[in-house]
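For reference, the chains in residue letters:
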Amino acid sequence: MLKHLCWIVLGIALSAQAADLAPQPQHQRAIHVSTALLAHYHYKPTPLDDQLSAAIFDRYLKSLDGEKYYFVQSDIDQLSEYRNRLDDAIKDEDLQPAFAIFNRYTRRAEERFAYARELLKAGGFRFDRDERFTFDREKAAWAASEDALLQIWQLRVKNDWLRLKLAGKADAEIAVTLDKRYEQSIRRVKRLKSDDAFQIFMNAYTMAIEPHTSYLGPRASADFEISMRLSLFGIGAVLQEREDYTVIREITPGGPAALSGQLKAGDRILAVAQGAKGAFVDVVGSRLDETVALIRGPADSVVRLDILPGDAGPDARHRQISLVRKKIDLAQQAAKKSILDVGESDSKRRIGVITLPTFYSDFEGERQGDRNARSATRDVERLLGELSKEKVDGVVLDLRHNGGGSLKEAIALTGLFIDTGPVVMERNAEGRIFVDGDTVPGTAWDGPLGVLIDGESASASEIFAAAIQDYGRGIIIGEQSYGKGTVQTVLNLDQAVRDEKANLGELRLTIAQFFRINGSTTQLRGVQPDIAFPATNDPTLTGEASNDNALPWTRIRAAAYDRVADQSEIIPVLQARHAARAANDPEFKKLDEAATELQRLRQQKNLSLNETERRRENEAQEKRLAGLSRADDGLLDNERDPDREKADEKAATKAPDIRLLSAARIVADE
């Protein structure tokens, strides 16, 4: 029966497939100039040879079929003739091999989703068997045969059905929803254009060299701000397309998503609805631009999202949230201050907290000569002055979720806490080393200082935190930072060939690497905290270390600088006092339990397709998560209570999260 159904479906799919895509003249020109730029200006010189060809081939297959749902081993065997030929093809500007692989992918993808639709028509799914569905297939072997892959698809469709069934959907509704989803996936594949194929191949080429080097085709480049950053009347989030999902890549500081606290990087958007009562439109399998078109809308209007939490396990309950579309402005991203009273009555300390979501700067104001143009450094300096007048005993600078921003601001901000001296070193592709630092004498705050970081603190945040640590100026608290220690620039290929109508796109390439003033780089290892908190971010999954070909950690000669203080003696004392408090703090214990549970969930690779067992697994997970700390930005809070959220907003100024409170207590101990 299975084999009979297989050939029926394959016949239907093949007869309806779109014509094969072919390379265009501008693609040959784009790859020619890109190859020249990569060879001459990239920080990591990489010869275009058979070794790189094999890396491009593997990365291209991964980008097309990373979870191994479309190709079978015979496809890979046939396509492997190109494994060591792609370098020669690139040199010869011959894109036929790249398009041959891509066209094979589109045919297979259409066939597989057509088969999934036929399975829905056949119906009769049973959920009383001892079957399990492996949802993480990245490291799995290619299916040995068509029959083996179709069996995998049977389990995938059953899992899709069971998820909706467990969410309370009726069978008829499930069948319609999934059929539309699979049909939409087929339409998405059929709408792919030659530019899409070229961009995917080009990124396989550039990212085989180094993960932060990439190519944007003309359409993607032109639509970047609108289609991905949602900066105009959107939700304030950077999105990306991963498999069949639209995934939150990062949250824009000061935007509706960040202010609501209801979205986090890694969350998957399953459906979008308009207004308070609009019907949800399923977006699983949709193109990124189609999902974005639904999310964007008039200012001050409501958009509702059906979310599958990214860090709460593959079978977490959906979460529906409402956001009011807003245009993000600089004021919403500005630094903010508060004061925490910590310690017992006889030893109470007032700790000032400055939250800095990004290293921002009003570049336009500066170009126009506005001496009061807004910047992170000016705002923090003003807030430090206010905190000094309010007689605080210490300051915590909160850089959690701060993905970076202006390097100039990171250097200037460091200058508020040291007198003068180097802050960061940079080595370019030619091996030349440049030192940049603070040249303005004096400080804005010379009292106890703590810098709170997490796995999302990156780039400029890491430069600042590393400098504070190297000078011994303060205590670094929290989690290992992201680990991005490289510098990128964007080159317009039309300008490179001096032809504004060439329509070649843009190349983003790594041109330099940052180094701490102690000579080591923040690359890969990030900034290690002096006092560590339970880690909810896994650097091997979300940080720079998650990239299999990231530049390695290395070091150069240290810069000449004088440490402000030696923290080596005080840190063990502060660590001991913090550990004693944490051992008796129920909220901190919950934070530790939450980190452990998240680690367990990340290691889970499969799910039961037995309904009774699946319900039991879900109930057991919910019991483990019940009552765990919400201090971690709701990572484990799969089903939020609107009434409780309103109460949380009112209590936010009275009850800071446990990480921030613990950091304040550590600074008070100084």
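The structure displayed is predicted, hence computed values, not measured ones.

## Brief notes about the overall build of the protein chain
Assigned secondary structure in the protein chain consists of 24 helices and 19 strands. Within the span of the protein chain, comprising 670 residues, buried residues form 51% of the whole. Contacts in the protein chain between residues far apart in sequence, at least 24 positions, make up 76% of those at least 6 positions apart. Taken as a whole, the protein chain presents about 30100 Å² of accessible surface, with 50% of it coming from carbon and sulfur.

## Here's the deal with the side chain of S286
Inspection of the secondary structure assignment puts S286 in the loop between strand 6 (281-282) and helix 13 (288-295). Overall, S286 belongs to the buried group, its relative accessible area being 4%. One polar contact links S286 to Q184, side chain to side chain, over a distance of 2.3 Å. The residues contacting S286, other than those within four sequence positions of it, are Q184, R188, E241 and T291.

## Overview of helix 6 (residues 96-122)
With 27 residues, helix 6 extends 39 Å between its outermost C-alpha atoms, agreeing within 8% with the 39 Å of an ideal straight helix rising 1.5 Å per residue. The element helix 6 is extensively covered by neighbouring structure, given that 21 of its 27 residues are classed as buried.

## Quick notes on the packing of helix 20 (residues 570-583) against helix 24 (residues 658-669)
At a minimum axis separation of 10 Å, helix 20 and helix 24 run at an interaxial angle of 135 degrees. The orientation of helix 20 with respect to helix 24, classified from their angle, is oblique. For the pair helix 20 and helix 24, the sense of crossing is right-handed. Contacts between helix 20 and helix 24 involve L574, R577, H578 and R581 from the former and S662, R665, I666 and D669 from the latter.

## So, the pairing of strand 12 (residues 421-428)
Burial runs high along strand 12: 6 of the 8 residues are buried. The pairing of strand 12 with strand 13 (residues 433-438) spans 6 bridges and is antiparallel. Across the sheet, the residue bridging to G421 is D438, located in strand 13. Between strand 12 and strand 13, which pair antiparallel and follow one another directly, the connecting turn spans 4 residues, one of which, G431, has a positive phi of 90 degrees.

## Some remarks on the layout of surface pockets
By volume, the second largest pocket amounts to about 380 Å³. For the second largest pocket, the lining is made up of 19 residues, of which T377, A412, L416, D438 and V440 are closest to its centre. The set of elements that each furnish at least two residues to the lining of the second largest pocket consists of helix 15 (376-389), helix 16 (407-414) and strand 13. Counting residues per element, the lining of the second largest pocket draws most heavily on helix 16, at 4 residues. Looking at side-chain class alone, the lining of the second largest pocket contains 6 nonpolar, 7 polar and 6 charged residues.

## Quick notes on the environment of H318
Tracing the sequence through the fold places H318 in the loop between strand 7 (302-308) and strand 8 (319-324). Its relative accessible area of 31% is what places H318 among the partly exposed residues. Note: C-alpha distance between H318 and R268 (50 residues apart in sequence) is 9.6 Å.

## Things to note about the pattern of salt bridges
One side chain can pair with another of opposite charge once the charged atoms of both are near each other. Under the counting rule described, the total for this entry stands at 41 salt bridges. Linking R59 and D548 is a salt bridge whose minimum nitrogen-to-oxygen distance equals 2.7 Å. You can see R59 sitting in helix 3 (residues 50-65) and its partner D548 sitting in the loop between helix 19 (539-542) and helix 20, a full 489 residues away along the chain. With a shortest N-O distance of 3.7 Å, E173 and K169 are connected by a salt bridge. Judged by its relative accessible area of 40%, E173 falls in the partly exposed class.

## Overview of the packing of aromatic side chains
The final tally for this structure, using the stated rule, is 15 aromatic pairs. Look at F113 and Y182: their rings are 6.3 Å apart centre to centre, the planes differ by 35 degrees, and that puts the pair in the tilted class. One end of the pair, F113, is in helix 6; the other, Y182, is in helix 8 (residues 171-190), and 69 residues separate them in sequence. Residue classification places F113 among the buried positions, given a relative accessible area of 1%. Take Y182: its relative accessible area is 1%, and that puts it in the buried class. Seen from their ring centres, F198 and Y215 are 5.4 Å apart, and the 80 degrees between their planes marks the pair as edge-to-face. Here the residue F198 occupies a position in helix 9 (residues 194-209), and Y215 occupies one in strand 2 (residues 214-216), the gap between them amounting to 17 residues.

## Section: unusual backbone geometry
Even without a glycine there, the phi angle at D300 is positive, about 70 degrees. Looking at the element boundaries, D300 is found in the loop between helix 13 and strand 7. Residue R498 is not a glycine yet carries a positive backbone phi of 55 degrees. For R498, the position within the fold is in the loop between helix 18 (493-496) and strand 17 (506-515). Judged by relative accessible area, which is 78%, R498 ranks as exposed.

## Topic: the confidence of the model for the protein chain
Averaged over all residues, the pLDDT of the protein chain equals 87, while 89% of them reach at least 70. Counted against residues more than four places away or in other chains, residues 224-232, with its pLDDT under 50, gives 29 contacts. A low-confidence stretch, residues 629-655 (pLDDT under 50), is modelled with 43 contacts involving residues beyond four sequence positions or located in other chains.

## Regarding the pairing of strand 7
The buried fraction of strand 7 is high, at 6 of 7 residues. Of the strand pairs in this sheet, strand 5 (residues 268-274) and strand 7 are connected by 6 bridges, and their pairing is antiparallel. From the neighbouring strand, A271 faces strand 7, where its bridge partner is D306.

## So, the nonpolar core
Formed by 68 residues in total, the largest nonpolar core has its most connected members in I56, F201 and Y205. It is helix 6 that contributes the most residues to this core, 12 residues altogether.

## A look at the sheet that holds strand 10 (residues 349-355)
Spatially, 9-10-11-14-15-18 is the arrangement adopted by the 6 strands of the open sheet, whose pairing is mixed. Sheet topology places strand 9 (336-342) and strand 18 (531-532) at the edges, where each strand pairs with a single neighbour. Bridge analysis of strand 9 against strand 10 gives 7 bridges, and the strand direction is antiparallel. Bridge pairing in strand 10 links V342 to R349.

## Structural notes on the packing of helix 16 against helix 17 (residues 460-471)
Across the interface, helix 16 lies against helix 17 with an axial gap of 9 Å and an inter-helix angle of 20 degrees. Relative to helix 17, helix 16 is oriented roughly parallel. The two elements helix 16 and helix 17 cross, and the hand of that crossing is right-handed. Every residue of helix 17 that contacts helix 16 at L407, A410, L413 and T414 is listed here: A460, I463, F464 and A467.

Parameters at a glance
- Residues numbered from 1 in each chain as written.
- Predicted model: local features only at pLDDT ≥ 70, side-chain atom pairs only at ≥ 80, totals over all residues.
- Heavy atoms only, no water.
- Helix = DSSP H or I, 4+ residues; strand = E, 2+ residues; numbered from the N terminus.
- Buried < 20%, exposed > 50% of the residue type's maximum accessible area, 1.4 Å probe, protein only.
- Contact = heavy atoms within 4.5 Å.
- Areas by Shrake-Rupley, 256 points an atom, 1.4 Å probe, with all protein chains shown as cover.
- Polar contact = N/O pair within 3.5 Å; in protein donor to acceptor, adjacent residues only side chain to side chain.
- Expected span 1.5 Å × (residues − 1).
- Axes fitted to C-alpha atoms, helices over the stretch in contact; angles between N-to-C directions.
- Parallel < 35°, antiparallel > 145°, perpendicular 65-115°, else oblique.
- Left-handed = near helix turned anticlockwise from the far one by under 90°.
- Pairing = 2+ DSSP bridges.
- 1 Å grid on protein atoms, 1.4 Å probe; cavity = no way out; pocket = protein on both sides within 12 Å on 5 of 7 lines; lining within 4 Å.
- Points joined across faces, edges and corners; volume = space filled by probe spheres on them.
- Nonpolar A, V, L, I, M, F, W, Y, C, P; charged D, E, K, R; others polar.
- Salt bridge = Lys/Arg side-chain N within 4 Å of Asp/Glu carboxyl O.
- Phe/Tyr/Trp six-rings, centres within 6.5 Å; stacked < 30°, edge-to-face > 60°.
- pLDDT = per-residue confidence, 0-100.
- Core = buried A, V, L, I, M, F, W, Y, C linked by side-chain atoms within 4.5 Å.

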